[in-house]
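# Chain and residue survey
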Amino acid sequence: MQKIRPALERLNAALDRLEDHQKKTTADAVAGVSQLGALDEQCAHLRAEVSRLKKKKADLEASQTRAGAQIDKAMRQIDDVLGDA
């Protein structure tokens, strides 16, 4: 009996440490899942923002192309007028 009692006390202490570690690990996992959810939401927001910026870039490039064509046309008209003078 004398040897069993200290062994049981050590076992109980080890089980207490294991339980504490399990609680901490569970709390860390819950915090990680919560943080992951927030990061997923932020990622979705950033994807939408990138998509919006790509569309705006394409629109600006199209406007720039149209403006360049209008300038070229105006320059040709000026050259035609000046060439006839």
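Heads up: these notes are all about the structure in this document. Just so we're clear, the structure is a prediction, and the values are computed from it rather than from any experiment. (Residues numbered from 1 in each chain as written. Predicted model: local features only at pLDDT ≥ 70, side-chain atom pairs only at ≥ 80, totals over all residues. Heavy atoms only, no water.)

This paragraph deals with the overall build of the protein. In terms of regular secondary structure, the protein is built from one helix and zero strands. Here the C-alpha radius of gyration of the protein, 36 Å, is well above what a compact globule of 85 residues would show, namely 12 Å. Across the 85 residues in the protein, those meeting the buried criterion constitute 0%. A total of about 7,900 Å² of accessible surface is found on the protein, and carbon and sulfur atoms cover 61% of it. Separation between the mean location of the 15 positive side-chain charges and that of the 14 negative ones in the protein comes to 9 Å. (Helix = DSSP H or I, 4+ residues; strand = E, 2+ residues; numbered from the N terminus. Rg over C-alpha atoms; globule rule 2.2 N^0.38 Å. Buried < 20%, exposed > 50% of the residue type's maximum accessible area, 1.4 Å probe, protein only. Areas by Shrake-Rupley, 256 points an atom, 1.4 Å probe, with all protein chains shown as cover. Lys, Arg positive; Asp, Glu negative; His and termini not counted. Charge placed at Lys NZ, Arg CZ, Asp CG, Glu CD.)

Before going further, it helps to spend a moment on the environment of Lys23. When you line up the elements, Lys23 lands in helix α1 (residues 4-84). Here Lys23 falls in the partly exposed class, since its relative accessible area comes to 48%. A sequence separation of 33 residues divides Lys23 from Lys56, and the C-alpha atoms of the two residues are 49 Å apart.

This next bit is on the pattern of salt bridges. Any two side chains of opposite charge can pair if their charged atoms end up close together. Applying the stated criterion across every chain, the model contains five salt bridges. Where Asp59 meets Lys55, a salt bridge forms, and the shortest distance between an N and an O atom there is 3.2 Å. You can see Asp59 and its partner Lys55 sitting in helix α1, four residues apart, about one turn around the helix. By relative accessible area, Asp59 is classed as partly exposed at 40%. Overall, the relative accessible area of 54% leaves Lys55 in the exposed class. (Salt bridge = Lys/Arg side-chain N within 4 Å of Asp/Glu carboxyl O.)

On the surface, a cluster of nonpolar side chains totalling about 470 Å² of accessible area is made up of Ile4, Leu8, Leu11, Leu15 and Leu18. On the secondary structure map, Ile4 appears in helix α1. (Patch = residues over 30% accessible without salt bridge, like charges linked within 9 Å, V, L, I, M, F, W, Y side chains within 5 Å.)

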